[in-house]
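Structural characterization, general
Listed here are the chains, written in short residue letters.
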Amino acid sequence: MDPHEVALMKSLQGGITALSIWVFCVTGAGAAKIEQTPYTEQKVVFDFYFDDPQKAGPALFWVRSLLNPLMDDPYGYAPEFMEIKVVIHGTEIVTLAKKHYEKYRDIVERMRYYSELGIDFRVCGLAMQDYGYTKDDLQDFVVVVPSGITELAHWQLMGHALIKPEVMDKKFAIEDIR
């Protein structure tokens, strides 16, 4: 081949490579990779401290988002083999007052369901006193502890990961921004 033919071939190869990259990017050839992280049995403490009692409802989806993947295949962990605590020490304590059951029924029943699965709901005794409640005023599936903050520190020192749900006001429907 003469030098002009070699130069033409190199130019064509470069153009084909650039075209291939452009087509790959524009057409979306390729896809995200799915990975099955090798999760182990979990030790977690959730920190529930909200400025609105209703935020306890969305925060429980964080508990569900931890549990469901671990209970499903390929992991198949039973909840009783996980150590999950929820420390309640904000306005959401009112959801657990028996006198407010009708108002917060959905939240209470979801907590009760998770409690039956082995999730441990722990209420701050200081907050209980601040709200004028006694242990008899609260739902029967909760445990009252001396202090929510001290409880969080204790379980972290025992090796539990801390998860603090952030509950934001929903501005968009998924369908609208998908």
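Relevant structure appears above.
Heads up: these notes are all about the structure in this document.

1. Regarding the overall build of the chain
Helix and strand content of the chain: 6 helices and 5 strands. When the helices and strands of the chain are listed from N to C terminus, the series reads α-β-α-β-α-β-α-β-α-β-α. Across the 178 residues in the chain, those meeting the buried criterion constitute 36%. Considering only residue pairs separated by 6 or more positions, the chain has 71% of its internal contacts joining residues 24 or more positions apart. Taken as a whole, the chain presents about 11,700 Å² of accessible surface, with 58% of it coming from carbon and sulfur.

2. Let's talk about the environment of Tyr49
Here Tyr49 is to be found in the loop between strand 1 (43-48) and helix 2 (56-71). In this structure, the C-alpha to C-alpha distance between Tyr49 and Glu166, residues 117 residues apart in sequence, is 9.7 Å.

3. A short note on the pattern of salt bridges
Under the definition given, this model contains 10 salt bridges. For Arg122, the salt bridge goes to Glu151, with nearest N and O atoms at 2.5 Å. Highlighted residues: Arg122 in strand 3 (residues 120-124) and Glu151 in helix 5 (residues 148-157), separated in sequence by 29 residues. You can call Arg122 buried: its relative accessible area is 14%. Judged by relative accessible area, which is 9%, Glu151 ranks as buried. The partner of Asp136 in a salt bridge is Lys135, and the shortest N-O contact between them spans 3.4 Å.

4. A look at the packing of helix 2 against helix 3 (residues 105-116)
Their axes nearest at 10 Å, the elements helix 2 and helix 3 cross at an angle of 25°. When the axis of helix 2 is compared with that of helix 3, the two are roughly parallel. Crossing of helix 2 over helix 3 shows left-handed handedness. Residue-level contacts link Ala56, Gly57, Leu60, Phe61, Val63, Arg64 and Leu67 of helix 2 to Ile107, Arg110, Met111 and Tyr114 of helix 3.

5. What about the sheet that holds strand 4 (residues 142-145)?
The parallel open sheet is built from 5 strands, whose spatial order is 4-3-2-1-5. Strands with a single pairing partner mark the edges of an open sheet, and in this sheet they are strand 4 and strand 5 (161-163). Strand-to-strand twist across the sheet, computed as the mean angle between neighbouring axes with direction ignored, equals 25°. The sheet contacts of helix 2 involve strand 1, strand 2 (83-88), strand 3 and strand 5, and relative to strand 1 the element is tilted by about 170°.

Each value, and the rule that gives it
Residues numbered from 1 in each chain as written. Predicted model: local features only at pLDDT ≥ 70, side-chain atom pairs only at ≥ 80, totals over all residues. Heavy atoms only, no water. Helix = DSSP H or I, 4+ residues; strand = E, 2+ residues; numbered from the N terminus. Buried < 20%, exposed > 50% of the residue type's maximum accessible area, 1.4 Å probe, protein only. Contact = heavy atoms within 4.5 Å. Areas by Shrake-Rupley, 256 points an atom, 1.4 Å probe, with all protein chains shown as cover. Salt bridge = Lys/Arg side-chain N within 4 Å of Asp/Glu carboxyl O. Axes fitted to C-alpha atoms, helices over the stretch in contact; angles between N-to-C directions. Parallel < 35°, antiparallel > 145°, perpendicular 65-115°, else oblique. Left-handed = near helix turned anticlockwise from the far one by under 90°. Pairing = 2+ DSSP bridges.

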